[in-house]
Amino acid sequence: QVQLVESGGGQVQAGGSLRLSCQSSRSLSGLNAIGWYRRPPGKTREFVARLDRGGSPTYSASVTGRFTISRDSAGNTIDLQMNNLSPEDTGEYYCKAVTLRSDDYWGQGTQVTVSP
């Protein structure tokens, strides 16, 4: 099992910034990938950003240039710096880890609300 705990969600006005953190019980070196998904109100969950085992980032087109995913030196904390937020970024943000066996593990989520 991989335990994931998100934090840092909150309310911000359009154009503002938030920084989300995901604390993982397993280092990125022991995973295939770890990253972030989000579920806007009334919509399905969508990919946001991830790091592969070597630390290479991938971003969805909608957040490229605005969001930055990073890790601490130990690989147990994954941050998502979100800049220039818009109301379309509102949603529940989830940390997701993929094990070396390709099993998925999810955190409980943290709410992000962006006001116009």
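That block above? That's the structure.
Residues numbered from 1 in each chain as written. Predicted model: local features only at pLDDT ≥ 70, side-chain atom pairs only at ≥ 80, totals over all residues. Heavy atoms only, no water.

Caption draft 1: A look at the packing of aromatic side chains. Applying the stated rule across the entire model yields three aromatic pairs. Taking 5.6 Å as the distance between ring centres and 75° as the angle between the ring planes, the aromatic pair formed by tyrosine 37 and phenylalanine 47 counts as edge-to-face. With a gap of 10 residues between them, tyrosine 37 in strand β4 (residues 31-39) and phenylalanine 47 in strand β5 (residues 46-52) connect regions that are remote in the sequence. Seen from their ring centres, tyrosine 37 and tryptophan 106 are 5.2 Å apart, and the 65° between their planes marks the pair as edge-to-face. In this pair, tyrosine 37 sits in strand β4 while tryptophan 106 sits in strand β10 (residues 104-106), placing the two residues 69 residues apart along the sequence. The class for tryptophan 106 is partly exposed, based on a relative accessible area of 28%. Each residue in the set Tyr37, Phe47, Tyr94 and Trp106 is aromatic and connected to the rest through ring pairs, giving one cluster. One residue, arginine 45, lies across the ring of tryptophan 106, its end atom 3.7 Å from the ring centre. (Phe/Tyr/Trp six-rings, centres within 6.5 Å; stacked < 30°, edge-to-face > 60°. Helix = DSSP H or I, 4+ residues; strand = E, 2+ residues; numbered from the N terminus. Buried < 20%, exposed > 50% of the residue type's maximum accessible area, 1.4 Å probe, protein only. Lys NZ or Arg CZ within 6 Å of the ring centre and 35° of its normal.)

Caption draft 2: Expanded view of the sheet that holds strand β1 (residues 4-7). Taken in spatial order, the four strands of this open sheet run β1-β3-β8-β7, and their pairing is antiparallel. Every other strand in the sheet has two partners, leaving β1 and β7 (67-71) as the edge strands with one partner each. On average, adjacent strands in this sheet sit at an angle of 15° to one another, irrespective of strand direction. Direction of pairing for strand β3 (residues 18-24) relative to strand β8 (residues 77-82): antiparallel, over a ladder of six bridges. Of the residues in β8, the one forming a bridge with cysteine 22 is isoleucine 78. (Pairing = 2+ DSSP bridges. Axes fitted to C-alpha atoms, helices over the stretch in contact; angles between N-to-C directions.)

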